[in-house]
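So the chains spell out like this:
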Amino acid sequence: MDILEEIKKILAEILDIENHIITPETYLIRKLGAESIDLLELAVAINSRFNIDVNDDEIFLRKLRQYVTEAKQQNNDLLRYLVEKLPFLSRKRLENIIADLEGGPTLKVKDIISYIDFQINNFTVLSVVDV
Amino acid sequence: MNIVSKIEINSGLEDFVLLDKISETGAATIAGKKKYFNDPVYLGIESLAQLGAYHVRFINDFEIHAFLLKINQCAIPANHILNGSYLLKGTLVSQSKSAFCYALQAGKENKVQIEGEFLYATIDYDHMFNKKTLQAHYRRAFSCLKKE
């Protein structure tokens, strides 16, 4: 299954946009204007489409700024702290996110893809109907 | 400028709980009953919304506040009127940690009258949604609705 193509289809439907404008580098909130209700719809759609557990806080990097604050308060190395907290993102991506913090919400389509890929390859879950 | 300290809303209803009974609960399913008396269809939609919300609370052991976020693709009867006893059914079709999507339907005499997809969100109880008050209220209401 092509995760990007599936995500493009889901986002195009939820946000009522053309899917060709969506790329891995597209910012969900900053560029596409996704709001919290859209992200919740996206979360359940991802659960349904990929049959994975979805933690909204993790997949949408909701606690990113909290982690930044915690790392500073605890005198931790920020990159190392984020690697620990957001294991589905690569070090390179996390470096880019740290450099991009001033620009606003950093969430990109490729972060969603990384989360799904990580969940598929690291965890097996039961469908809600199998519980 | 007048400051309104209290707003009273009169819905015309005797009770806000628009379910007569919750007859079945499972990990991903819930069913209930409601009798209508030439009522407008929006009360049926509200009944389904309440049924789904109770299931969200039930599977989360009433530890979070649940609320309806959105209704997708809701089909309603042509005459927009509900009359008689209806069987309400809900199936949890997908979920994330804080969002829950249900296929809900209301049927009468084995014919589906209302059918839609309802999306719920959850948040932790806080100063606006008081845990002590709301958790006890919903537990009590759920327990009453489950009784024979």
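Asker: Would you explain the overall build of chain B in this entry?
Answerer: Counting secondary structure elements, chain B contains two helices and six strands. When the helices and strands of chain B are listed from N to C terminus, the series reads β-β-α-β-β-β-β-α. Taken against the 2.2 N^0.38 rule, which gives 15 Å for 148 residues, the C-alpha radius of gyration of chain B at 16 Å falls within 12% of a compact globule. Across its three principal axes, chain B shows a C-alpha extent of roughly 45 × 40 × 35 Å.

Asker: Whenever I open this one, the nonpolar core confuses me. Can you help?
Answerer: Nonpolar side chains in soluble globular proteins tend to be buried together. Core analysis: the largest hydrophobic core is formed by 51 residues, its most contacted members being Ala 43 of chain A together with Leu 48, Leu 51, Ala 99, Phe 100 and Tyr 120 of chain B. If you list the elements that add at least two residues to this core, you get α1 (3–15), α2 (36–50) and α7 (109–122) of chain A together with β2 (29–40), α1 (41–59), β4 (81–95), β5 (99–108) and β6 (111–123) of chain B. In this view, Ala 99 of chain B contacts Leu 40, Ala 43, Val 44 and Asp 56 of chain A together with Leu 119, Tyr 120 and Ala 121 of chain B; residues no more than four positions away in its chain are not counted. Among the nonpolar cores identified, the runner-up in size contains five residues, and Leu 82, Leu 86, Leu 89 and Leu 94 of chain A belong to it.

Asker: What's the story with the interface of chain A and chain B in this structure? I'm lost.
Answerer: Accessible area lost upon the coming together of the parts serves often as the stated size of an interface. Between chain A and chain B, the residue contacts involve 14 residues of the former and 15 residues of the latter. Every element with two or more residues in the side of chain A that touches chain B is listed here: α2 and α3 (56–59) of chain A. When grouped by side-chain class, the residues that make up the side of chain A that touches chain B number eight nonpolar, three polar and three charged.

Asker: In this structure, what is going on with the pairing of strand β1 (residues 21–25) of chain B? I would like to understand it.
Answerer: Here is the key point about a regular strand: its side chains alternate between the two faces of the sheet. All names here are of chain B. By the bridge criterion, four bridges tie β1 to β2 in an arrangement that is antiparallel. Paired with Thr 25 across the two strands is Ile 30, which belongs to β2. What sits between the antiparallel neighbours β1 and β2 is a turn of three residues.

Asker: Looking at this structure, I do not really get the sheet that holds β1 of chain B. What am I missing?
Answerer: Within a beta sheet, neighbouring strands are joined by backbone hydrogen bonds and run either parallel or antiparallel to one another. Strand order across the open sheet formed by six strands is β1-β2-β4-β5-β6-β3 (chain B), with antiparallel pairing between neighbours. Of all the strands in the sheet, the pair left with one neighbour each is β1 and β3 (65–75) of chain B. The mean inter-strand angle of the sheet, taken between neighbouring strand axes irrespective of direction, is 30°. Here β4 of chain B runs beside β5 of chain B; their pairing, made up of eight bridges, is antiparallel. Its bridge partner being in β5 of chain B, Leu 88 of chain B is matched across the sheet by Ala 106 of chain B. Sitting on the sheet, α2 of chain A is in contact with β3, β4, β5 and β6 of chain B, with an inclination near 75° to β4 of chain B.

Rules used in this analysis
- Residues numbered from 1 in each chain as written.
- Chains lettered and ligands numbered in written order.
- Predicted model: local features only at pLDDT ≥ 70, side-chain atom pairs only at ≥ 80, totals over all residues.
- Helix = DSSP H or I, 4+ residues; strand = E, 2+ residues; numbered from the N terminus.
- Rg over C-alpha atoms; globule rule 2.2 N^0.38 Å.
- Core = buried A, V, L, I, M, F, W, Y, C linked by C-beta atoms within 7 Å.
- Buried ≥ 20, exposed ≤ 12 C-beta atoms within 10 Å, placed from the backbone.
- Contact = placed C-beta atoms within 7 Å.
- Nonpolar A, V, L, I, M, F, W, Y, C, P; charged D, E, K, R; others polar.
- Pairing = 2+ DSSP bridges.
- Axes fitted to C-alpha atoms, helices over the stretch in contact; angles between N-to-C directions.

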